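Results of the structural survey
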Amino acid sequence: MKHTALSLLIAAALPFVISDAQAQENASTAPQTTQLEKVVVTGSNIPRAQVEGPAPITIISAKDITERGFATTADIMTSLNQNLGALDNNQVTNGFSNGAQAVDLRGLGPNHTLILINGRRIADYPQSYNGDSNFTDISSIPASMIDRVEILTGSASAIYGSDAISGVINFIMKKKADGTTLDYRMGDTQHGGAASQRFTLTSGFSHDKFDAVFGVEIYNQDPLWAYQRDYLSSRTNDPRWTTSPTRVAAPTFAILDGDDNYIDPGKAQCDALSYLNQGTVQYLKRRSYGWYCGSLADVRYGTMQNARRAANFYGSATYHLTEQMELFADLQYSTSHQETYNTQLKWQNSYPINGDASPTPFYNTATDQVEQWQRQYFTYEENGGLKRAMIRNINNTYSLNTGIKGTFGDSWNYEALFSHAQNKLKAKWPALLAAKAQMFYLGPALGVDPDSGYLMYNAPHSRFYTPLTPDQFASITQDSIDHDKSRAETYSAKVSNTDLFSLPAGPVGFAATAEFGNQYFGLKPDPLSLDGSYFGLHNTVAVGSRSHSGAGFEFSVPIFSQLTATAAGRYDRYSYSSNAASKFTYALGLEYRPIESLLLRGSYSTGFRAPDLSYLYAGPSGSSSSGTDYYRCATEEPDLDISDCDWGSVPFNGRSHGSINLNNETSKSISYGFVFSPINNLDIQADYYIIKLTDEVQYQDSDQILRWEGQCRTGKLDINSGLCQAAVNQVFRNSANNITSVLVLPINAATHRTSGVDFNIHYLWETDRLGNFDFKLGGTYVVTNRIQNYAGDPFVNELSDYYDYVIPRSKANYSVTWSYGDFTTTLYGARLGGLPNYDGTQRLGPTMMYNASFGYRLAKNVNLGVTIDNLMDSKPGRDSTWTSYPYYTRRWFSPMGRALFLDLNVKFGHNDG
């Protein structure tokens, strides 16, 4: 495919090539143009005067960030059309990386997007995304200190090494201080909650040979509670409540009998408890189960936006040793304190089984029957308010880059760099001690009931229906504290030359780089979260490191005056434990300009991702699971269909851990398109892309393991084969031949293919009397997005599989800015293509969101800004088929509503000249 695409591009370009003589003649009669400064652009180490190259780059400037109303870096990335993954965010409070924010270019997963600050790597977040892979958290990058963001989509390992499979996002911080700037921004939402304040100071100074610039940002964000939005405050907001008012309310107090039916507490008992959870507990019935005491408003206490207090510092210093040599250092430090409320803690009588607190019935001698006690949640009053049950994350990030750079010879540039980055996280999760709760409610065990085989307790129901005091609740709970850390260190050297030697069509550019370093990932949870001591909270440990070395080169070669070819290659090697992984990647590109106003371009590149530290070193983890025992069905009930087999659905403990036997994930990426400027101030871009990711790491499917085990043990597969030996050893059975657990491991299995079109249009209309109008329109349309989970499986179309993949086919945004004298206003709109409904039966209609901003220059160095986010006060897209709270997809919609921000910017020592 790669040769076909590039050949077509060359074939299309060559008929328009003009000779060098014609080019020189045209150049002699052309008007003189300003010589542009050459800078390093994301995707290349060779400085160039033009931002546009063989692969498309999207740029979001500080001006765009302000005008479009983006308050945080997460807001910036959410608006990005190429950011197509359904990602966790501050509304998702039960995840493995609570409070962190990721980016997922092209929907291939956040671990396949490389995040840089000033072209340099930062440490991974010290927890894994969804409990699986490493990723980079962007929430600690201060939006007010960003000069611009450069986004390169497609495989870029030939320049940056591992991870750049779906693209690179380079956050370039402000490095020039025009005097001292103070900026204060405050905001609030129309419907309450999520008020915020941000103060930023940027300054700098120069003395003799020393230059420095620095910035400080202080940020405070109040939480947004579900009860602050009427459509989130109760389960009665279920879209189907009016037609089917039997939605299950959370059982505040429920006792089940041996047949899993509720034992009716009586209306009087529930009425006596009705004051709990701020007066929402009531006598309720669940169809097919019976009566219990529950609440329809337990969901109101979740946070839909984290509380966050953060301080960020960025500084850059340069000492000019000579005119050709300088020492430099830049430092970034961030501390962030986030508070989140997930759900109220719950409890069921349980026993630790394979590292989990598994709910298990008991025989109650007080009632002479088998029972199961459920506190689906402890109430607001028992908690003693909300503060004591908050999840608290204290995150400290630090990065230092220092080295020497300069020039030598006629046109050589060099840089030698040491980079250190680390990320420390202290996470505090409220947790319920299963054994203490068991003792509090049931008392000591009285032996085993000979008939049922369950443990016996003397537990009168009056004990269960007596609410806890805050002190009693505190006696059975405590904070589960994790201490997690990640670190990355790199030594690197780069050289470049924009005029290595000359060809008839122009100078050849060259760059080379070499680096080595190491990475560390340490997920160190509370030991009690590993052995089932906490009810409903189970964690895992992952501690490991790897070393890395790499070297690469780049060339930019003018074939004709209108045609330039680029080539890059790089070799990387990663070492971990006793294993190693290495890969050579390369990239080829063409830029063809048949006329001055038209650029035709194309690129082909390969990429890879080295084995993930989280996948490599994840410790044992367990969870409740179920599946089909194919072996017993085949041997004990061979004449029955699997759906009728007595072992068609058996419970077991799902087990997993990392594996050091993983290979590199690899990718191939193609893009081709054009940039056209038919008239002054009008630019039109369109690019088609194809990315194929192979050997993608994912955890095995327990159902497939059970199928193989059954086939191997019944002789359908060779029992001595490596496949059978692995499958049989991953299924654990007891003396009665019942499955107790199934082990799944991460393997290189999946293939992911995606393709689509990006386009951007920019037009600046300048008038003498009405001011200037700046129009921008951009979008991404996904043509294909298919995944094959295992070799031999059919490819699944993620765009038509509405049930399993909640992703859009398109994203677009546009803005128009009007500048008139000292006044500027911008209207920004974002369109999200229709998402699948909850039932997975159809794709819903698209949704729109608008922001508006207004800026006015009050005085020479004083500017006032007003921003209205969500101008139309749009609510999250509703879906009549949705049955799961909050009745919309959290990963794509926000309940924030209309928000107003005021911004005052004052400059001192500002140089107008």
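Since we're looking at a predicted model, the values are computed, not measured.

Bringing the sheet that holds strand 34 (residues 731-733) into the picture now. Here 4 strands make up an open sheet; going across it, the order is 30-31-35-34 and the pairing mixed. At either end of the open sheet lies a strand with only one pairing partner, and these are strand 30 (621-627) and strand 34. Strand after strand, the sheet turns through a mean of 30° between neighbouring axes, direction not considered. Alignment of strand 30 against strand 31 (residues 650-656), held across 7 bridges, turns out to be antiparallel. Opposite Ser 623, over in strand 31, you have Gly 654 as the bridge partner.

This next bit is on empty space enclosed by the protein. Scanning the entire structure with this criterion turns up 11 cavities of 30 Å³ or more. Reported here for the largest cavity is a volume of approximately 330 Å³. Around the largest cavity, the lining comprises 30 residues; the ones closest to its centre are Arg 121, Ile 122, Asp 124, Asp 163 and Gln 519. Mapped onto the lining of the largest cavity, the elements with two or more residues apiece are strand 2 (113-117), strand 24 (477-503), strand 25 (506-523) and strand 26 (542-558). Considering every element that reaches the lining of the largest cavity, the biggest residue donor is strand 25, with 7 residues.

Tallied over the entire structure, the rule returns 40 aromatic pairs. Each ring, one from Tyr 129 and one from Phe 135, has its centre 5.4 Å from the other, and the planes form 70°; the classification is edge-to-face. For the pair Tyr 129 and Phe 135, one class covers both residues: buried. Chaining the aromatic ring pairs together yields one cluster made of Phe 253, Trp 347, Phe 362, Trp 373, Phe 440, Tyr 441, Tyr 457, Phe 464 and Tyr 465. Taking NZ or CZ as reference, Arg 185 lies 4.2 Å from the ring centre of Phe 901, over its face. The ring of Phe 328 has Lys 405 lying over it, and the distance from NZ or CZ to the ring centre is 5.2 Å.

Another point: the nonpolar core. Counting residues in each nonpolar core, the largest one holds 29 residues, and the members touching the most others are Trp 373, Phe 378, Leu 432 and Tyr 441. At the level of secondary structure, the elements contributing two or more residues to this core comprise strand 10 (250-257) and helix 9 (434-442). Formed by 23 residues, the second largest nonpolar core is a distinct cluster that contains Ile 117, Ile 138, Ile 141 and Met 145.

The tally for this structure, following the rule as stated, stands at 3 disulfides. For Cys 270, the disulfide goes to Cys 293, at an S-S distance of 2.0 Å. Where Cys 270 bonds to Cys 293 through sulfur, the torsion about that S-S bond is close to -90°, and the disulfide is left-handed. One end of the pair, Cys 270, is in helix 6 (residues 267-272); the other, Cys 293, is in strand 12 (residues 290-295), and 23 residues separate them in sequence. Like Cys 293, Cys 270 is buried. For Cys 633, the disulfide goes to Cys 645, at an S-S distance of 2.0 Å. Given an S-S torsion of about -100°, the disulfide between Cys 633 and Cys 645 has left-handed geometry. Taken together, the residues Cys 633 in helix 13 (residues 630-636) and Cys 645 in the loop between helix 13 and strand 31 connect sequence positions 12 residues apart. When its relative accessible area of 4% is taken as the criterion, Cys 633 is described as buried.

Cut-offs and rules
Residues numbered from 1 in each chain as written. Predicted model: local features only at pLDDT ≥ 70, side-chain atom pairs only at ≥ 80, totals over all residues. Heavy atoms only, no water. Pairing = 2+ DSSP bridges. Helix = DSSP H or I, 4+ residues; strand = E, 2+ residues; numbered from the N terminus. Axes fitted to C-alpha atoms, helices over the stretch in contact; angles between N-to-C directions. 1 Å grid on protein atoms, 1.4 Å probe; cavity = no way out; pocket = protein on both sides within 12 Å on 5 of 7 lines; lining within 4 Å. Points joined across faces, edges and corners; volume = space filled by probe spheres on them. Phe/Tyr/Trp six-rings, centres within 6.5 Å; stacked < 30°, edge-to-face > 60°. Buried < 20%, exposed > 50% of the residue type's maximum accessible area, 1.4 Å probe, protein only. Lys NZ or Arg CZ within 6 Å of the ring centre and 35° of its normal. Core = buried A, V, L, I, M, F, W, Y, C linked by side-chain atoms within 4.5 Å. Disulfide = S-S within 2.5 Å.

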